[in-house]
Each structure stands twice: as structure tokens, then as C-alpha cells.
Amino acid sequence: MDLLKPRTVPLSEETILWFEFLLKPSLLAKHLNKANPDPSPTDLITQFLAKAPEGQTHPPDLTAPDPDGAHRSDGLKYTKKQLALKILALKVAAFMRWDLDKLERTLSVSLQIQLLADLCSITAGKMVALPSSLLQDPALIGTDGSRHSFNFALTLYHRWVLRAQVLRAAVIKNIKSNHGPAVPDLTTFVLRDESSIPALEPITQLSIDYLNQVLMEPQTFRVLTYESFVPLDSNSEHTQQRFDAAIAIKPCELRAQLHYDLCQYYLYVQKYELARQNVLLCKDNYAQWQREEIGRTGLPPAYCTVSAEVLQGYLLACGVTGEPDGLLQRLHESILNHYSDIVMILKEDNLRKEIPMTQRKLLELNIEGYNAIGSTDGNPIEQKELELAVVALNIIRYVMDGENILSCNVALQKYKNQQPKLIESLFQYADEQYEQFSLEERGLLKRYFYKIITLYGGELGPAFEAYVQSYSKVVSLQELKDFRAQHTQPETQLGGVALQSDWVIPETKNPRLEVGQLERQLISCTSANAVRKLLVKIAGTNPSKPLFTINPSWTIPYPLEQVLISLQRGFLQDFAYILIGKARELTARKEYATAITLLTVLKNETQRPELAGNPLIAKLGKMVSWEGLLVQIQQVLDEWPRKPVDQAQLVRNCKQCLNAAAGGGNDLMPHAKLLDHCAALLLNLNEWNALLVPVDKRFPGIELCSAITQAFLDIEKFKGTKKTNREAWEMILPMFLNPPGSRQRQLPPDGPLVLLIGKLREPLVISILLSLLAKLHNILRDEANAEMNAEYMFLWPSNVNNTSIYNVKLVIEALNLLLNQALRYYPNNIPWLKLKGDVEFVANNFEAAMRYYVTALISGTEYCTVHLQRPLVDDFLIRRMVKCSTNLGCFVQAAVLCQFFDETDYGLAFKSISEKSASYSDAMDSYYSCIWDPTLLEFIVNWHYKKGEHKRRLQAVSFIGQLELNANNNDEIKREAAAVRKNRFLRSLAKQYMC
């Protein structure tokens, strides 16, 4: 005998096999009444139905004798074996009290349908096809059937139709949300049987109609019990079921269950009003059933499986708070019932203060609008009185809350025409509840009414005293007299002028005031036509100084100013200066269209026929057109990446401007700012050839653009080979010199490099400049742990002579400046995000470095929708992230990252896990679901065992036992398991560092 040969495990002595019940049905009751029967009731149903294949789809041929002894009578087309097994399955379901909650969670949908179909067929006494036979038809019931039992079976089936759709939707939502623990049984239900559920949707309305019909039927509803089904034995060919053994249940028990199921379905289809109606009916019937049946007999329910806790949850979901006297709920109901009892509700709220004042204010505005549109529902006088009553009650609530929002200065002025009635309402409602208010609230009310007396007591006169006499609790008549005596103001004798009510300012013409008004209009207007008219008007007053000096904020470029000063003093000089100054103001406010319009008008003005032949005017026109070009370039850069309307023309104008500077012989030359902008725009628009023209050394901005262009052309020309470019390198290198004794700590803001960085938009150009700065940093820093990675670093030299004379801090400043500018326009550029992380890492800002590294990985995986792969992540990046996590105290996070290497770095991972603070500094056990390396999990299990952390050890063991982590799995399963856990870990990093 081979002792090593695997053998079957012996069954427990208490275990009963399914066929034993078939041979001896009397064992079933004894087995089910055990504390923990093995197999369980639902397992028995599964085994019984699995051994009795569905007989509806392909019924046996009844014309030929069945060797197993076919049972043919009364239209039940089952073999004897099938019938015996199906009856046993129904007996088990009856023992479970037809609890659909348990059946749905343990049986597949196909077995649930089979069980319900068998129930309908056996209670009808003939074969019934579902879902075609949906209503109780007398023709469907055979001689051995029972009407009340068939009604019970159909009711159970229609309940299941609604519940199955709700259950499927709940499980799908649970799977997609990824929040909270998944329910294994329900997940299996959806993944296995989802295709079976959509077939129920066409019959859903029929199920609802049937259940509503059952609710209205006066006949007693009877529930089939365990004794209702008589099993077959080996000696009987036929048996009559004992449907008379069914027990009658209270109507309230039936209604509680059916209304509960209907509420579930209506919530699922978002018919909330119907759900609310059903949950309220369920609540009432459930309470009656508990009071009359359960409380009296103490027996378990025969049919209803509604839980009080779950019912309370559905009540809250439907907006039923469980407090019938809740004032906010009563307020909403009152609004729906045309404001019935609204005054009583607000008076009660003035004591309890449950309704938020925002709701009360909205109520007031709703009633005001209702009255304003002239609704014909009801008496207009009564509606106006209701509005004043609500306003008065709201004022009282505001006063007692210590607020002064709707005090007499607002509310009483708003209703000035109804002031007497409003004040009377205030006295009335305050007086009615005065004794119920606290002492503090009474004091607030008294102070408020004293204020009303001060402001309106004189206007109302005797009517006010009548209010006080009628409602004397708040302010008594004696208190009114004392208050008036204390606050009487001495009479002041006023002169005749002071008594006039219609003061008229005499019309006097003051030329200085008129000129000042015109100057203010000139400063504020933005229309060239308005400027023209105002200049003509002001010129008519013979001003003593040029009109462009009115506003010192109007500044223009120095070359333009020299040309304008040379012009003869007059309209054109003022008009040109003011329009150029306004255009610059508008450009600073980013109102580019208006600025360009002003400059276009000025250019047209210089081209008038009477001004032709004047060299100064021609020069002015040319310079104005250049100013317009500068505004257009600034607009394009500011609105990047939106392309300009006429890009070709804009490019031609920029080229002409650069050619004008390259000519040299002409005394008319664009200013340096315009030339820098033209070169930067051509660089951003990839107009490389235009920047290869000879460059004047006076314009370092253009020279720098030309050098970067040459670097790009080297990339294109020498693809696949490393060609060192020195032109841009040698231009930028001197900008970071640190001469002896120099205290320079930052780059000059007006330097050519800083100005160019602010105008760069093209990703390729930015990448080239970033690579130059990163390479220079690596050479100057010369530390392996402080290196930066960027694209195109092969372009630049690998060494610098005498590195000590250069300031590496200025290089990092330029890198940060350029990266911040670049990421503003391209926030998901992965190489730039990694480089920004390197910059922060070098500066020991580990948290910021992790944020940029994680952002790069999130962007590269399209927000964790695709798997994390190379070259997006490499060993250099992972090692940097491990170092950051370690320095931040997140040791287990670092250990998880060690799996991302091509070969897991176990030494580093074990060292990270073994850190003393690793178990509590970064929630160690929350990362177990992100580990896919079994060796690492085994180390964690052993480590917890040594530390005596039993609960965490068991948690780690549960993850080791996952099927997808089995060492015998093929490579595809292992890769998929690793990819899923990588994305899960990446999402956790994103929550920590990005949110």
C-alpha cells in the first residue's frame, strides 16, 4: 500500500448525504432542526435541484413508458425522481419560511427561478411556464392544485421579480464604487447571473399590478408550511399534497411585507413619492402586526421578514424622520396644502427654534411672490393678512435670536403702507406667547418694542396706545408713558431755510468745473471717437499745457515719446500720445481687442492725405504699427495654446520687424522689447529659419532664441547620434557666474534668460532649455545622489572648466522658474513633472518631490485606468521615491515600492519593514492589499509573529492566501495581480500627496 498516495478525507459522523433524504424523507425534519446542520438548508436545495434537472424546457415524452416510473398524472410532467427531489427542495424552502433574503444570497438566479417555477407548478397541479403565466387564471389550476396555494406561489414569484432587479443594481454599485468591503455572495450573484435579470424588466409592471391586487383582496392569505408538501417514498407512485395545512396570516403581516418590497423597488427606479407612500404603509402595518401578533403570541413570523432596523433606514431614505411633529416637515406639508396652519407652526417654532431662519425667510418671500402675481385662489385680503402675519412672526424670531437683520429699519420700511397692521400683528403675537419665552428673550423683545415706540410712536399716535392697551404683556401703558418721558427731545427752533423741503441748487456755470468734468471723461473713456470729441472740447478752453499731461499714468515707449515731442503741438500730438497711453493701460488689463482698435485708429490717422510727405508722421505711423504688433504678440502668449486668427500675417509682421533690426543702416529700428517678443513668438510657432538671420549683439534675447533654434536643428539633423551643441551653452553659462565678492542671490528679473523664460510656450523649446539647465546643474553639483534627469541632455557638453566660479543656486532658480511656467500650460507633461520632482528632491523637499513623482505616474496611467509600465517608471525614479518615503517616515510605503524594481530589492524592503516606527507611522496594515510579492508577505507574517501582533499577522496571512498570489499561477495571472495592486497603491499615494 502506498502510504504517500492522497486519500479522501473521511466525512463527519453527523454528515448526511443528499440521497439519504430521498430514500428516507423522515430524516429531513430531524436534520433541519439541528443547530448547525451539515449540509445547510440552502446547500440541500442546491443539491436537490441539481440532481433533478429542469423539466419545463424539454418535458419527457409521455407516450412511452418511463423506465424510472414516470409520474404523468394531472399534467405534472416530472419523473418520479424529479418530483421527489423537487418536493424535498420545497419542504426545505418552507422550513426557511420562504425567506427570499437567504435564498437570494446563497442560490444562483437559475436555481431561484427553478425553485419558484416548481412551486407554481406543484401548487397549480399542472405544468406552469414562467414568466408567461403571470396572473392567477382559473384555467391554470389542475385537479390536484389549490387556488390559495397557487396565489401564494405567484405572490412569492412577483416579489422575487422586483427584488432581483434591486439586488443586482445594489451589487453592481458596490463593485464599481470600490468603497468598503465587498460582499462575496452578492458579487458572485452578479458576475454569474447578470444576464438572467434583464429578462425580468418587461414583466415588472405586471408584477407590481399583481402585488397591488393582492393587497386589495379581502380573502385570507395562506402561507404554505413544511407539512404542506408530502414527499414520495419508494412504494408510492403518486401523492396528494396537503395544501390545507397552509396557515392563514394576519392581513397586516402580508401588507407589511409587500409594501416593503414595493418601497425597495420604487427607490431603485427613483420614484421617491411612491416609495414614501409604501414605506409609510409598511411602517403602519408593521407596527400593527408587532402589536397584535408578535407581541401577543411571541411566535416567530410565518411570512414577513422585515427588520425594524432596515425599515428605519428606508424611512430615513424616503425623508420620513420618524418624528411626526417635526416642525420642518410640517412646514413643507403646510406649503403643499396652500399654507394651512402656517401661523400655528411658526408660533410653535418661535418657542422650539427648529426651523432654520433661511427656510422661514424663503417662506416669507414665497408668500410675497404668491400675492404679487395676483393669484385667484382665495380672498386677497386674507392672503395679505397671512403675509403680514408671517413677517411679524419672523421678526419676533429674529429678535429673540439676537439678530437685527429684519429690524424696524428694514421690515417696517418695506411694508410702510401696511405699517399699522404689521405693528399690531407684532404686538399680538408677542403678547400671546410672551409668558412662554425665557427671561432673556423677553428682555430682547422689550428693547425691540422700545425701538419701535421711538421711531413710529409719534406717527401712529392714539392707535399705538390702543395696541399697548390691548396687548399689555410686552409693554404696559405705564411703561410706555415712562419711556416717552425719558426720551422726550427738546424742541429745536429751525429757521425758514431749514424748513424747506425742496432745496434747489442754483444753476451756475463754472468753467473750471466744466473742464474738470471733461478731463475726467477723457481719462475714463476707451473709445477713440470719444477721445477725439473730448480733445476738441477741451482745446476750446485754451489749456496752458499739453493735454496728454492730464493723466500721469499715460506712459509710452521712449522712442515714440521722442517722435511725438518733435511734432508741432496740436491735436495730433495729444491724440497720438493719449491713444498710445490708453492702449498700454488696456494691455496691462488684458483688454487686447480694445487696445488694438485704438492703435489701428491712430495708424489710420497718420495716413490721412493732408499728412502725406511728412517724414515724422510716416515714422510715427510705422512705430504705431509696431506697437500694435507687440500687443498682438502679448495676446497670443497670454491666450496660449489658442492660435491667433491670422497666424500667417502675424508671422510675416514678426519677420519684417526682425529684418528691420538686422538692416542696421536705417535709423528707424524697433525697440528691444518688441524684438524679443517677435523672436520668442517665432520660436514658439516653430518658425526656425526666420531665427537663423545674423543677430546684432545688442539684442541678447534674439541671440538666445537663435541659439536654441540651432540646438533644435541639431536634434533633427543628427538623429540617432550624439551631437554636442555649444552655441546656446556658451551663451547661458556666463549668466550664472559668481564673481569673487559678489552678493548676487537671484537672477536679475530684466535679464535675457528670465525674460525669455516668461515668453516660452512651445513644449519642445522648453524641453531643450530644461535639459541645458539640468545638465549644467549636474556638472556644477557633481553628486550622484543629486542628479537630475531630463530629455535631450546629450546635446550639451559633459564638463565645465573651473566650476567654483558658477552659482548652482541660480541654476536651480532658473529651473524652478521655467518648470513653474511650463507646468502652468502643460500640467500633465510627464518628463517635466519628474524633473520638478528631482528639483524638489535635490532641495530635500521630500513631500513635494513625492507629490510631483506621483502626479507624473497618475498622468502616465491616465488616472489609473491603464496599467503602470515602463518606461513611465524606472529604477531611478523608484529609488528616488523610496528615499522620499523613508525620509518622511513612511517605511512600509517604501517597502511596497521595492516591489516596483525589475528585481524586488528584498534587503531594502526588509530593512524598511523592520524599522521601529514602521508599524504606526504610515498605517502599515492598510498597505497589505498592495503587496503582490509572497516573499514580502511571508516576512511580514513572521515579523508580526515575533512582535506578538496576532491580529495583524492574521490579516497578512489572509492576503497570502489569495488565489491570484499562488506561486504556481502562470505569468499572465501574476502580471495581472501585480498590475491591479500597483494601481491600488498608486491611488493611495495620490490621496496622500495630491489631495
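All values reported here derive from a predicted model rather than from experimental measurement. Here, residues in each chain are numbered from 1, in the same order as that chain's written sequence. Two thresholds apply to this predicted model, a pLDDT of at least 70 for residue-level local features and 80 or more for giving and counting side-chain atom pairs, whereas whole-chain, interface and lining totals are computed over all residues. Here the side-chain values reflect all heavy atoms present in the structure, with hydrogen atoms and water set aside.

Chemist: It is not clear to me how the overall build of the chain should be interpreted in this structure. Could you clarify?
Modeler: Looking only at helices and strands, one finds 43 helices and 4 strands in the chain. Counting the 995 residues in the chain, one finds 46% classified as buried. A sequence separation of at least 24 residues applies to 68% of the contacts in the chain between residues at least 6 apart. Secondary structure elements are defined from DSSP: runs of H or I of at least 4 residues count as helices, runs of E of at least 2 residues count as strands, and each element is numbered from the N terminus. Classification of residues uses two cut-offs on accessible area relative to the type maximum, computed with a 1.4 Å probe and protein chains only: under 20% is buried, over 50% is exposed, and between them is partly exposed. Contacts were defined at the residue level, with two residues in contact if any of their heavy atoms lie within 4.5 Å.

Chemist: Explain the pattern of salt bridges to me, please; I cannot follow it from the model alone.
Modeler: Side chains that carry opposite charge are capable of pairing whenever their charged atoms lie near each other. Put simply, a salt bridge is a Lys or Arg side-chain nitrogen that is within 4 Å of an Asp or Glu carboxyl oxygen. In total, this model carries 31 salt bridges according to the counting rule given. Residue Asp349 pairs with Arg360 through a salt bridge whose shortest N-O separation is 2.8 Å. Note that Asp349 is positioned in helix H14 (residues 342-352) and Arg360 in helix H15 (residues 357-372), a separation of 11 residues in sequence. What makes Arg360 buried here is its relative accessible area of 0%. Here the salt bridges share partners, and the residues they tie into one network are Asp101, Glu104, Arg159, Arg163 and Asp261.

Chemist: I tried to follow the packing of helix H41 (residues 934-947) against helix H42 (residues 950-960) on my own but got confused; where do I start?
Modeler: For every element, the axis is a line fit to its C-alpha atoms; helices are fit only across the contacting stretch, and the angle between N-to-C directions ranges from 0 to 180 degrees. Viewed as axis vectors pointing N to C, H41 and H42 meet at an angle of 160°, and their least axial separation amounts to 8 Å. One finds that H41 runs roughly antiparallel with respect to H42. Pair H41 / H42 crosses with left-handed handedness. Between H41, through Leu937, Glu938, Ile940, Val941, His944 and Tyr945, and H42, the contact on the second element is made entirely by Arg952, Arg953, Ala956, Val957, Phe959 and Ile960. Convention used here: angles under 35 degrees read as roughly parallel, angles over 145 as roughly antiparallel, angles from 65 to 115 as roughly perpendicular, and any remaining angle as oblique. Whether a crossing is left-handed or right-handed is set by the direction in which the near helix is turned from the far one by less than a right angle, anticlockwise for left-handed and clockwise for right-handed.

Chemist: Could you clarify how one ought to interpret the nonpolar core in this entry?
Modeler: Proteins that are soluble and globular tend to have nonpolar side chains buried together. Ranked by size, the top nonpolar core spans 118 residues in total, and within it Leu522 and Phe736 carry the most contacts. Remark: nonpolar core denotes a set of buried residues (Ala, Val, Leu, Ile, Met, Phe, Trp, Tyr, Cys) joined through side-chain atoms within 4.5 Å. Judged by nonpolar contacts, the second largest core, of 84 residues, contains Leu76, Ile141, Leu154 and Val306.

Chemist: Hey, could you run me through the side chain of Gln257 in this one?
Modeler: As for its position among the elements, Gln257 is in helix H10 (residues 251-268). In this structure Gln257 touches Arg159, Arg163, Tyr303, Cys304, Thr305 and Val306, once residues within four positions along its chain are discounted.

Chemist: How should the environment of Asp101 be read in this particular structure?
Modeler: For Asp101, the position within the fold is in helix H5 (residues 100-106). Taking the relative accessible area as the measure of exposure, Asp101 reaches 28% and is therefore partly exposed. Once the C-alpha coordinates of Asp101 and Trp160 are considered, the two residues, 59 residues apart in sequence, prove to be 9.8 Å apart. Those residues in contact with Asp101, other than ones at most four positions away along the chain, are Arg163 and Thr305.

Chemist: I tried to follow unusual backbone geometry on my own but got confused; where do I start?
Modeler: Across residues other than glycine, the phi torsion is negative in most instances, and most of the peptide bonds are trans. In the segment running from Trp640 into Pro641, the intervening peptide bond is cis, with an omega of 15°. Within the fold, Pro641 resides in the loop between helix H27 (615-638) and helix H28 (647-663). In this chain, Arg870 is followed by Pro871 through a cis amide linkage whose omega measures 5°. With respect to the helices, strands and loops of the structure, Pro871 is situated in the loop between helix H36 (846-860) and helix H37 (875-887). One non-glycine residue with positive phi stands out, namely Arg97, at about 60°. Looking at where Arg97 falls in the secondary structure, it is placed in the loop between helix H4 (80-95) and H5. What makes Arg97 partly exposed here is its relative accessible area of 27%.

Chemist: What is the right way to look at the packing of helix H25 (residues 571-588) against helix H26 (residues 592-606) in this model?
Modeler: For any two helices packed against each other, one specifies the crossing angle of their axes together with the interaxial distance. Axis separation between H25 and H26 bottoms out at 8 Å; the angle between their running directions is 160°. Our classification of the angle between H25 and H26 gives roughly antiparallel. In this structure, the crossing between H25 and H26 has a hand that is left-handed. Residues Phe571, Leu572, Phe575, Ala576, Leu579, Ile580, Lys582, Ala583, Leu586 and Thr587 of H25 form the contact with H26, whose participating residues are Tyr592, Thr594, Ala595, Leu598, Leu599, Val601, Leu602 and Glu605. We call Asp, Glu, Lys and Arg charged. Ala, Val, Leu, Ile, Met, Phe, Trp, Tyr, Cys and Pro are nonpolar, and the rest, Gly among them, are polar. Its residues assigned to classes, the contact of H25 with H26 comprises 14 nonpolar, 2 polar and 2 charged.

Chemist: What is the right way to look at the packing of aromatic side chains in this model?
Modeler: Two measures describe an aromatic ring pair: the distance that separates the ring centres and the angle between the ring planes. Classification of ring pairs uses Phe, Tyr and Trp, with its six-membered ring standing for Trp, and accepts pairs whose centres are within 6.5 Å; under 30 degrees between planes counts as stacked, over 60 as edge-to-face, and the remaining range as tilted. Applying the stated rule across the entire model yields 23 aromatic pairs. Every member of this aromatic cluster is reached through a ring pair, and the members are Trp98, Phe152, Phe221, Phe229 and Tyr303. Should the NZ of a Lys or the CZ of an Arg lie within 6 Å of a ring centre and within 35 degrees of the ring normal, that charge is described as sitting over the ring. Lys91 extends its terminal NZ or CZ atom over the ring of Tyr226, reaching a point 3.8 Å from the ring centre. Arg442 extends its terminal NZ or CZ atom over the ring of Tyr434, reaching a point 5.3 Å from the ring centre.

Chemist: Honestly, H26 in this entry has me stumped. Any pointers?
Modeler: Residue pairs spaced three or four apart in an α-helix point in one direction, given the helix's 3.6 residues per turn. In a regular helix each residue adds 1.5 Å, so 15 residues correspond to 21 Å; H26 covers 21 Å between its end C-alpha atoms and thus fits that length. Among the residues of H26, Tyr592, Ala595, Leu598, Leu599, Leu602, Glu605 and Thr606 are the ones counted as buried. Projected onto a plane normal to the axis of H26, the buried residues spread over an arc of 150° and lie on a single side. Given a helix with a known number of residues, its expected span is that number minus one, times 1.5 Å. Comment: arc refers to directions from the helix axis out to C-beta atoms.

Chemist: Which parts of the structure should I look at to understand the layout of surface pockets?
Modeler: One way to see where empty space is left: roll a probe the size of a water molecule over the atoms. Roughly 650 Å³ of volume is contained in the second largest pocket. Top contributing element to the lining of the second largest pocket by residue count: helix H43 (residues 971-993), with 8 residues. For the lining of the second largest pocket, the class distribution of residues is 12 nonpolar, 5 polar and 10 charged. With a 1 Å grid laid over protein atoms only, a set of points is called a cavity when a 1.4 Å probe fits there but cannot get out and a pocket when it is open yet has protein on both sides within 12 Å along at least five of seven lines; lining residues have an atom within 4 Å of a point. Grid points are joined across faces, edges and corners, and a volume is the space filled by probe spheres set on the points.

Chemist: Even after reading the chapter, I still don't get the side chain of Arg163, so can you show me in this structure?
Modeler: Note on placement: Arg163 falls in helix H7 (residues 147-177). A 3.5 Å cut-off defines polar contacts: any pair of N or O atoms within that distance qualifies, except that in protein one atom must be a possible hydrogen donor and the other a possible acceptor, and neighbouring residues in sequence count only when both atoms are side-chain atoms. Only 3.1 Å separates the side chain of Arg163 from the side chain of Asp261, close enough to count as a polar contact. Ignoring sequence-local partners within four residues, the contact set of Arg163 consists of Leu100, Asp101, Glu104, Gln257, Tyr260, Asp261 and Gln264.

Chemist: What am I meant to see in the confidence of the model for the chain here?
Modeler: The predictor's confidence in any single residue is recorded as pLDDT, a number from 0 to 100. On average, residues of the chain score 80 in pLDDT, and 81% of them reach the 70 mark or higher. A low-confidence stretch, residues 1-13 (pLDDT under 50), is modelled with 3 contacts involving residues beyond four sequence positions or located in other chains.

Chemist: Any chance you could explain the state of the cysteines here in plain terms?
Modeler: Note on terminology: disulfide describes a covalent bond linking the sulfur atoms of two cysteines. When the sulfur atoms of two cysteines come within 2.5 Å, that pair is taken as a disulfide. For the structure on display, the rule yields 0 disulfides. Cysteine Cys318 shares no disulfide, and the gap to the nearest cysteine sulfur, in Cys263, comes to 4.2 Å. Take Cys318: its relative accessible area is 11%, and that puts it in the buried class.

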